Structure formats: structure tokens, C-alpha cells
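Residue strings, one per chain:
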Amino acid sequence: MVNTKDILETIKMIQEENLDIRTITMGISLLDCIDSDIDKACQKVYDKIVRYAKDLVPVCEQIEKELGIPIINKRISVTPVATLVDALENPDKEKCIKIAKTLDKAAKAVGVNFIGGYSALVHKGFTNGERILIESIPEALASTDIVCSSVNIGSTRAGINMDAVKRMGEIVKEAAELTKDSHGFACAKLVVFCNA
């Protein structure tokens, strides 16, 4: 049974206490987009994101209307991109940045606020693709609008990758420098964490 008091309390929270849903995130696996050819990989990534997320924003807007509660951010999160980089033929920073720009283009095409997954998991050490992706992070974040990046540098089981800690400190500084005209905004799109 619907309680009128609960309804009025919810309305008060929305109007006076700014109750909202902070974010809705759609997860998309890019494992089937792996390809040794960068152009084919990027096309697969773009096509899959647009195909899977084409209705994400309209559905979120419908939920907002039905519940009367605003959803602030609509996001996509993808498989760590370093996995795709590891499979590329002759991976380099430019190829990584091309993937970042593809993510940005696909996310804009479906109208989301952010896309995460320009990421590497280096708590157990670096693969070649992870190392190259990390080197590309400052330029990738500076040259895209809504791509977010993260690097996991430690875990309870594996410990902390101190080489990654040192390098990520430098990466954050480089990202800030590249986006100094926008108050270091690239750093706001970068998370370095230990996954316990």
C-alpha cells in the first residue's frame, strides 16, 4: 500500500535536499573488438558502443520522468583498453590515442556524459600494452572531452606496484600541464587506485 507520508517525504527530499541519482553506468565488454589492426579495432569499438548504448540516454530520461528524480550522469564503462592495446600489431602511443578518440566519438554519438575504461590494471606488473597506454594517458585525456582513465596500481593480494606509483605521479603532473588552460581538467578524468 502506498503511504502518502512517504510520497511527501520523497518530494521534499527532491525539492529541498536535492535528492538525485548520481549516475547510471552501462558496462560494455570490448573483448570481442580485439584486433591486431588498429583501424579494424577502432571500428569494432565504435560500432559496438553505439549499438549497445543507443537507447541508454532515452531510457534514463524515461526513468527520470517516471520517478520524478533527476539522473545527473549517464555513463558507459568499457573493458580496460590496455587489453586491446596488447593485441595490436606494433602498439604505440598514437594507436592508443586513436582508441581514446574513438571512445570519445562513440560516447558523444549516444549522448552520454562520460565513458570510462581507458584503463590499465598494473598491480601485478606491466604488460607492454599497459605501459604504452599509461604513457599515452596525458595526451589522450587532453585530446578528448568525455573519456575517463584509471590505473589500478595495487591490491591486497599482489601488493603495490611501486614503479606504477612513481610513474602515475608523473603522469598526473603531465596531464595537468597539458590541460593547464582548463585548470588541469585532464586530472579530474584520471583515477589512480589500489583495489583491495
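The sections below set out a description of the structure shown in this document. What you are looking at is a predicted structure, and each value in this text was computed from that prediction instead of being measured. (Residues numbered from 1 in each chain as written. Predicted model: local features only at pLDDT ≥ 70, side-chain atom pairs only at ≥ 80, totals over all residues. Heavy atoms only, no water.)

## Looking at the packing of helix α5 (residues 93-110) against helix α6 (residues 128-142)
Then step 1. With their axes 9 Å apart at the nearest point, α5 and α6 run at an angle of 55 degrees to one another. Regarding the angle of α5 to α6, the classification is oblique. Considering the relative orientation of α5 and α6, their crossing is right-handed. Judged by residue contacts, Lys 93, Cys 96, Ile 97 and Ala 100 of α5 engage Ile 132, Leu 133, Glu 135, Ser 136, Glu 139 and Ala 140 from α6.
Then step 2. A class-by-class count of the residues in the contact of α5 with α6 yields six nonpolar, one polar and three charged. (Axes fitted to C-alpha atoms, helices over the stretch in contact; angles between N-to-C directions. Helix = DSSP H or I, 4+ residues; strand = E, 2+ residues; numbered from the N terminus. Parallel < 35°, antiparallel > 145°, perpendicular 65-115°, else oblique. Left-handed = near helix turned anticlockwise from the far one by under 90°. Contact = heavy atoms within 4.5 Å. Nonpolar A, V, L, I, M, F, W, Y, C, P; charged D, E, K, R; others polar.)

## Considerations on the side chain of Lys 95
Then step 1. Locating Lys 95 in the fold gives a position in helix α5.
Then step 2. Among buried Asp, Glu, Lys and Arg side chains, Lys 95 stands out as unpaired, with Asp 92 the closest opposite charge at 5.0 Å.
Then step 3. A polar contact of 2.6 Å, which involves the side chain of Lys 95, links it to the backbone oxygen of Glu 89.
Then step 4. Within polar-contact distance, the side chain of Lys 95 engages the backbone oxygen of Asn 90 at 2.9 Å.
Then step 5. If near-sequence neighbours (up to four positions away) are discounted, Lys 95 is found in contact with Ile 38, Leu 88, Glu 89 and Asn 90. (Buried < 20%, exposed > 50% of the residue type's maximum accessible area, 1.4 Å probe, protein only. Lys, Arg positive; Asp, Glu negative; His and termini not counted. Salt bridge = Lys/Arg side-chain N within 4 Å of Asp/Glu carboxyl O. Polar contact = N/O pair within 3.5 Å; in protein donor to acceptor, adjacent residues only side chain to side chain.)

## Quick look at the pattern of salt bridges
Then step 1. Per the counting criterion, the structure on display carries 12 salt bridges.
Then step 2. One salt bridge in this structure joins Lys 98 and Asp 39, with 2.3 Å as the shortest N-O distance. Taken together, the residues Lys 98 in helix α5 and Asp 39 in helix α2 (residues 38-53) connect sequence positions 59 residues apart.
Then step 3. Linked through salt bridges whose partners overlap, the residues forming this network are Glu 135, Lys 166, Arg 167, Glu 170 and Glu 174.

## Things to note about unusual backbone geometry
Then step 1. In this model, Asn 90 sits at a positive phi of 50 degrees, which is unusual for a non-glycine residue.
Then step 2. We note that His 183 has phi near 60 degrees; this positive angle belongs to a residue other than glycine.
Then step 3. If you trace the backbone, His 183 turns up in the loop between α7 (162-178) and α8 (185-188).

## Some thoughts on the pairing of strand β4 (residues 147-155)
Then step 1. Taking burial as the measure, the nine residues of β4 include nine buried ones, the bulk of the element.
Then step 2. As paired elements, strand β3 (residues 114-121) and β4 share six bridges and run parallel to each other. By the bridge assignment, Gly 116 is partnered in β4 with Cys 148.
Then step 3. Between β3 and its parallel partner β4, the chain crosses via α6, and the hand of that crossover is right-handed.
Then step 4. In this structure, β4 lies alongside strand β6 (residues 190-195), joined through six bridges in parallel fashion. (Pairing = 2+ DSSP bridges. Right-handed = clockwise from strand over helix to strand, strands pointing away.)

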